[in-house]
Amino acid sequence: MTAHFRASGNGNLVGEGLAMNCAYGKSGMIDASVKAEGDGASPVGLWAMKRVFWRPDRLARPQTGLTTVPLRPHDGWCDAPNDPMYNRPVRLPYPASCERLWREDPVYDVIVELDHNSAPVIPGAGSAIFFHLAHDDYRSTEGCIAVSKSDMLEVLSRCGPGSILEIAD
């Protein structure tokens, strides 16, 4: 059950017979080779969809062939380039800079970890590039790709090991 979806700079995500709106980085899209921590850009490339994190207090486990992991209130993601856990999940509180995954707003109710800057992790080359839920107004992200909850659940239902999210300028 591998799938291929393509997010483009015109705010569309297509693949597997689906077409939907998407949000992307506030700085647009950038070649992954020059992606930098905090630049607000979505990295152009083919990114494997790794794991799906979800808020079990807000929705049922998404139906997908991808590995699923329930989020917990102490889950975070390290965004400190000089830390050994950079671009990896951490338990909060954590001594270095981190993004909290258990948020008040719903945008991280479902998060798909993308295989950006992960093998090997290069300090400063961008962290926490996710496929997650969009705000109602589809405002820009900090570098991620985001869709509505209903669209996300439809996408995930078509995904399994080897599924790809392509970010294309």
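In this text, all values refer to a predicted model and were calculated from it rather than measured experimentally. (Residues numbered from 1 in each chain as written. Predicted model: local features only at pLDDT ≥ 70, side-chain atom pairs only at ≥ 80, totals over all residues. Heavy atoms only, no water.)

A. Quick look at the sheet that holds strand β8 (residues 89-91). Reading across the sheet, the 3 strands line up as β8-β7-β9 and stay open at both edges, with antiparallel pairing between neighbours. In the strand order of this sheet, the two ends are held by β8 and β9 (98-100), each with one partner. Across the sheet, the mean angle separating the axes of adjacent strands is 40° when strand polarity is ignored. In the sheet, strand β7 (residues 75-78) pairs with β9 via 3 bridges, with the strands oriented antiparallel. Bridge pairing in β9 links cysteine 78 to cysteine 98. (Pairing = 2+ DSSP bridges. Helix = DSSP H or I, 4+ residues; strand = E, 2+ residues; numbered from the N terminus. Axes fitted to C-alpha atoms, helices over the stretch in contact; angles between N-to-C directions.)

B. A look at the nonpolar core. Phe5, Leu13, Phe131 and Ile145 are the most contacted members of the largest nonpolar core, which has 28 residues in total. For this core, the secondary structure elements donating two or more residues are β1 (4-8), β3 (18-21), β5 (42-54), β10 (110-114), β11 (130-133), β12 (145-147), α1 (149-157) and β13 (164-168). If one sorts the elements of this core by residue count, β5 sits on top with 4 residues. Apart from the residues within four sequence positions on either side, isoleucine 145 is in contact with Ala7, Leu13, Cys22, Ala23, Tyr24, Met29, Ser42, Phe130, Phe131, His132, Leu165 and Ile167. By size, the runner-up hydrophobic cluster in this structure holds 11 residues, among which are Trp102, Tyr108, Ala128 and Phe130. (Core = buried A, V, L, I, M, F, W, Y, C linked by side-chain atoms within 4.5 Å. Buried < 20%, exposed > 50% of the residue type's maximum accessible area, 1.4 Å probe, protein only. Contact = heavy atoms within 4.5 Å.)

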